[in-house]
Amino acid sequence: MCGIVGYAGARPATPILVRALRDLEYRGYDSAGIAVLGSADGEGLVITKRVGKIVNLESALDSSPGNEATVGIGHTRWATHGRPSDLNAHPHTSCGGEVVVIHNGIVENYAALRSALTARGHTFASETDTETIAHLMEERTRSGLPLLEALRLTIGELEGSHAIVAMSPSEPGAIVAARVGNAGGVVVGYGEGEMLVASDLAAILPHTQQVAFLASHQLARVDRGGAAYINGDGSPATVEPHRVPIDPVSALKGQYEHFMLKEIMEQPEALSDTIRSLVTIEPAGIHLPDLGAMSDRLSEVRRVILIGMGTSLHAAMVGRAFIERLSGVPAETDNASEFRYRDPVLGPGTLVVSVSQSGETVDVLEAMAVARAKQAMQITICNTEGAQTTRVAGGTVYTRAGLERGVASTKCFTTALVALYALALRMGEANGYLARERIAGHIQDLARLPDAVARVLQDHTPYRALANHFYDARHFLFLGRGLAFPVAMEGALKLKEISYIHAEGYAAGEMKHGPIALVDRSFPTVAVAPAHALRSKLVSNIEQIQARGGEVIVVASEGDDELAALADHAIFMPAVPEFVEPFVATVPLQCLSYYIALRRGCDVDQPRNLAKTVTVE
Ligand code: F6R
């Protein structure tokens, strides 16, 4: 979850590292620090770190030496061991100051390592698990081993998954990095006379699009002249750099106050890019170019399990309905963190479809490892070219949402629905369940989707007005049926993430079995009731809530005056075909959450306790 960056080149490292940390701040933001080697007066290690946001680090750097150093590492932290503080912020050094380390992951055996190191005379400056790595490496560099070898032997002693970057005054100009398991990626960036390492592309892309990804148990040593790679057993590794096609400009906030709003507004374009990359309209056809070996195996599929976490799990829930209804194959969903531990029964013909925008979520990767061990077919839905999930799965359906920076996922949810819709259509085509004309009809519906979403986004006045009315509510209930049920779950998740209002998403039929006990005037309900989502059943749910004094906001299809008259507040969305409704109905809920959070003065892009990519259990 933490952000990691290293730079070795000819330019001053500090501003490059600070900018990279800003680009990585969405991964963790409770403290940050950098270490540079070779200060203005020649030598030495200068470490500056501060609790709080990057701005605190920047103020501290103003008075810190080392401004002309051209090699350094930086870290933005999401605390696991040790509360957020200056001392616990990374980088961490060994007691002799010979090794400096930044780290993403959890050293699961750190208590045992720490007491063994203490018994051997090491003194600890922080409460972190990371510091053990610096001490373990120092024991090896002291015995004369090069830094990369010290790191290689050290990772053999660590339990858990890790991304580690280190440097040492004994090897000025060099940075070493290792990836172990799924705690997070390590990307190596190839610039002109300079090299970078980072936890993800956001830190690299402003400098170069030429990158290489470390696989698990691979290590790299970079200096300004290039990179060398080894495997965990010490043998040389072949890691080829390639060009990634993401436009760095999309990383900027542009005219918008927050990334979340920018990304909400980008949805028509992101949807259109994703649709164009997966289907042709004339002649109508589904083309999933990255399905690889899975292309020819879709007709073998007898059962589908869709897995994901958070918003991606909600996308998977919509995907389940798409797959069952468009391909006739039984489908179910599971939370990846449950799936990985429940010893799932995956018979022959089982396809596991994982959904992960980052492709780095540890629970998803571990669940995929379980599916692989059980020889299930696998397809992954991902927004990040070359991410770890795409290397594990037999095939990928990429979404083309561009970089998503807001911690609360928006455009990656709706574009994941496109990928799942296209996959379901392709499965229905492959197994003969769907006639060609039906496929063509669905493609027409998809083609009109970006426009429908653009219409929802035209006027924000209703969302602002509702936010003014409801911003001080303490609880919210979100209800939906059928395809609108996962949309209700997603609406509740968005609201709680960024506004800290307690919200529950429920299948509307479940409401009478408990939640209705909570309803009173101070407990508003959002009913997601577009025309096809068992709307008439929702009418009676709304009446039951109102009978108990609850206020109801309804998300209804345009022209549904009956529902609008019944509810206390109505948000209208264009009337669209059934399978397109979940896309369009989600967008007003994103906007509602955004404006409520804004009205409450919350930090929309960096909500407390959250991180964009969850690489720890
Ligand atoms: C919510 C949100 C998270 C992610 C979840 C999975 O707004 O962003 O719930 O959806 O952490 O992340 P990915 O899709 O990267 O696996």
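A. Examining the overall build of the protein chain more closely. Broken down by element type, the protein chain carries 19 helices and 26 strands. Taken over the C-alpha trace, the protein chain has a radius of gyration of 25 Å; the compact-globule value for 617 residues is 25 Å, and the two agree within 12%. Expressed as lengths along the three principal axes of its C-alpha atoms, the size of the protein chain is roughly 80 × 55 × 45 Å. A total of 617 residues make up the protein chain; the buried ones form 60% of that total. Looking at the protein chain alone, contacts between residues at least 24 apart form 71% of all its contacts between residues at least 6 apart. Summed over all atoms, the accessible surface of the protein chain reaches about 22,100 Å², with 50% contributed by carbon and sulfur.

B. Structural view of the packing of aromatic side chains. Summed over the entire model, instances satisfying the criterion amount to eight aromatic pairs. Here phenylalanine 470 and phenylalanine 476 contribute two aromatic rings whose centre-to-centre distance is 5.7 Å and whose plane-to-plane angle is 65°, an arrangement assigned as edge-to-face. Accessibility assignment for this pair places phenylalanine 470 and phenylalanine 476 in one class, buried. The structure contains a cluster of three or more aromatic residues connected by ring pairs, namely Phe322, Tyr421, Phe579 and Phe583. Sitting over the ring of phenylalanine 259, arginine 405 keeps its end group 4.7 Å from the ring centre.

C. View of the sheet that holds strand S23 (residues 502-507). Across the sheet, which stays open at both edges, the five strands sit in the order S23-S22-S24-S25-S26 with parallel pairing between neighbours. If you trace the sheet from one side to the other, it starts and ends with S23 and strand S26 (569-573), each paired once. Each strand axis lies, on average, 20° off the axis of its neighbour in the sheet, ignoring direction. Note that strand S22 (residues 475-480) and strand S24 (residues 525-529) share four bridges and pair parallel. Each residue of the ladder has a partner; that of leucine 479, found in S24, is alanine 527.

D. Fine view of the site of the ligand. Near the ligand lie 13 residues; those nearest to it are Ser312, Ser356, Ser358, Thr361 and Glu497. Taking serine 358, its side chain carries an N or O atom lying 2.6 Å from an oxygen atom of the ligand. Its atoms largely coinciding with the cavity grid, the ligand occupies the largest pocket. Split by residue class, the shell around the ligand holds three nonpolar, eight polar and two charged.

E. Region of the structure containing the pattern of salt bridges. The full count for this structure, using the stated rule, is 31 salt bridges. Between arginine 400 and aspartate 290 there is a salt bridge whose closest N-O contact spans 3.8 Å. In this pair, arginine 400 is assigned in the loop between strand S21 (395-398) and helix H13 (411-430) and aspartate 290 in the loop between strand S16 (285-286) and strand S17 (303-308), connecting sequence segments 110 residues apart. A salt bridge links glutamate 558 to arginine 455, with the shortest nitrogen-to-oxygen separation between them at 2.8 Å. Of this pair, glutamate 558 sits in the loop between strand S25 (552-557) and helix H18 (561-566) while arginine 455 is found in helix H14 (residues 436-456), placing the two residues 103 residues apart along the sequence. One network of salt bridges, with partners in common, ties together Arg19, Asp23 and Arg405.

F. Fine view of the sheet that holds S21. Pairing in this open sheet of five strands is parallel, and the strands run S18-S17-S19-S20-S21 from one edge to the other. Each edge of the open sheet is held by one strand with a lone partner, namely strand S18 (331-335) and S21. The mean inter-strand angle of the sheet, taken between neighbouring strand axes irrespective of direction, is 20°. Where S17 meets S18, five bridges bridge the pair, whose relative direction is parallel. Residue pairing in the sheet places leucine 306 in a bridge with threonine 333 of S18. Across the face of the sheet, helix H9 (residues 310-327) comes into contact with S17, S18 and strand S19 (350-356) while running at roughly 170° to S18.

G. Structural detail: the side chain of aspartate 23. Relative to the helices and strands, aspartate 23 resides in helix H1 (residues 13-24). Classification of aspartate 23 by relative accessible area gives buried; the value is 11%. In this structure, aspartate 23 is in contact with Ala202, Pro206 and Arg405, ignoring residues within four places of it in sequence.

Cut-offs and rules
Residues numbered from 1 in each chain as written. Predicted model: local features only at pLDDT ≥ 70, side-chain atom pairs only at ≥ 80, totals over all residues. Heavy atoms only, no water. Helix = DSSP H or I, 4+ residues; strand = E, 2+ residues; numbered from the N terminus. Rg over C-alpha atoms; globule rule 2.2 N^0.38 Å. Buried < 20%, exposed > 50% of the residue type's maximum accessible area, 1.4 Å probe, protein only. Contact = heavy atoms within 4.5 Å. Areas by Shrake-Rupley, 256 points an atom, 1.4 Å probe, with all protein chains shown as cover. Phe/Tyr/Trp six-rings, centres within 6.5 Å; stacked < 30°, edge-to-face > 60°. Lys NZ or Arg CZ within 6 Å of the ring centre and 35° of its normal. Pairing = 2+ DSSP bridges. Axes fitted to C-alpha atoms, helices over the stretch in contact; angles between N-to-C directions. Near = heavy atom within 4 Å. Polar contact = N/O pair within 3.5 Å; in protein donor to acceptor, adjacent residues only side chain to side chain. 1 Å grid on protein atoms, 1.4 Å probe; cavity = no way out; pocket = protein on both sides within 12 Å on 5 of 7 lines; lining within 4 Å. Sits in = over half its atoms within 2 Å of the grid points. Nonpolar A, V, L, I, M, F, W, Y, C, P; charged D, E, K, R; others polar. Salt bridge = Lys/Arg side-chain N within 4 Å of Asp/Glu carboxyl O.

What is shown is where atoms sit, not what they do.
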